[in-house]
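Secondary and tertiary structure notes
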Amino acid sequence: MAVSQPATFNEEWPDSRVFAYLTHQPPYGTDADYSVLYTAFKHMRPYDFERLLTQFVADGRNINACNPQGQTIAQVINQYPKQAQPFLDVLAKFA
């Protein structure tokens, strides 16, 4: 089975791609702000995550929104020790 699209790494994301995450629709029962943050964390590099958070906060959105289990994005990120620190450093700039 062939790969339909080759993997690319370290490509520069235009603003349109980064900010498209702000319109992400959450799964039923999930806070929309938390869902945006979680989806961005899972798909972005820390640099792009910071760009997103700049607009996210400027839009008055809740950086401390919780998932259905009551966890903030910082608490969830802590569960991924290999990736956590750069993302936590970015979040600290907005806390």
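Now for a description of the structure that goes with this document. What you see is a predicted model; the values in this text were computed from it and never measured.

Reading the values: the criteria
- Residues numbered from 1 in each chain as written.
- Predicted model: local features only at pLDDT ≥ 70, side-chain atom pairs only at ≥ 80, totals over all residues.
- Heavy atoms only, no water.
- Helix = DSSP H or I, 4+ residues; strand = E, 2+ residues; numbered from the N terminus.
- Expected span 1.5 Å × (residues − 1).
- Buried < 20%, exposed > 50% of the residue type's maximum accessible area, 1.4 Å probe, protein only.
- Contact = heavy atoms within 4.5 Å.
- Core = buried A, V, L, I, M, F, W, Y, C linked by side-chain atoms within 4.5 Å.
- Axes fitted to C-alpha atoms, helices over the stretch in contact; angles between N-to-C directions.
- Parallel < 35°, antiparallel > 145°, perpendicular 65-115°, else oblique.
- Left-handed = near helix turned anticlockwise from the far one by under 90°.
- Nonpolar A, V, L, I, M, F, W, Y, C, P; charged D, E, K, R; others polar.

1. Structural notes on helix H2 (residues 32–43)
- In a regular helix each residue adds 1.5 Å, so 12 residues correspond to 16 Å; H2 covers 17 Å between its end C-alpha atoms and thus fits that length.
- Along H2, the residues that are buried comprise Asp33, Tyr34, Ser35, Val36, Leu37, Thr39, Ala40 and Phe41.
- Of the surrounding secondary structure, the elements contacted by the buried residues of H2 are helix H3 (46–58), helix H4 (73–77) and helix H5 (81–94).

2. Looking at the nonpolar core
- In this structure, Met44, Phe49, Leu52, Leu53, Phe56, Ile77 and Leu91 are the most contacted members of the largest nonpolar core, which totals 24 residues.
- Going through the elements one at a time, H2, H3, H4 and H5 are the ones with two or more residues in this core.
- Here Phe49 is in contact with Leu37, Ala40, Phe41, Met44, Phe87, Val90 and Leu91, once residues within four sequence places are set aside.

3. Some details on the packing of H3 against H5
- Put simply, H3 and H5 touch, their axes get as near as 10 Å, and they point 25° apart. Classed by the angle they form, the pair H3 and H5 counts as roughly parallel. Along this stretch, H3 crosses H5, giving a crossing that reads as right-handed. Here H3 contributes Pro46, Phe49, Glu50, Leu53, Thr54 and Val57 to the contact with H5, which in turn contributes Pro86, Phe87, Val90, Leu91, Lys93 and Phe94.
- Along the lines of polarity and charge, the residues of the contact of H3 with H5 split into 9 nonpolar, 1 polar and 2 charged.

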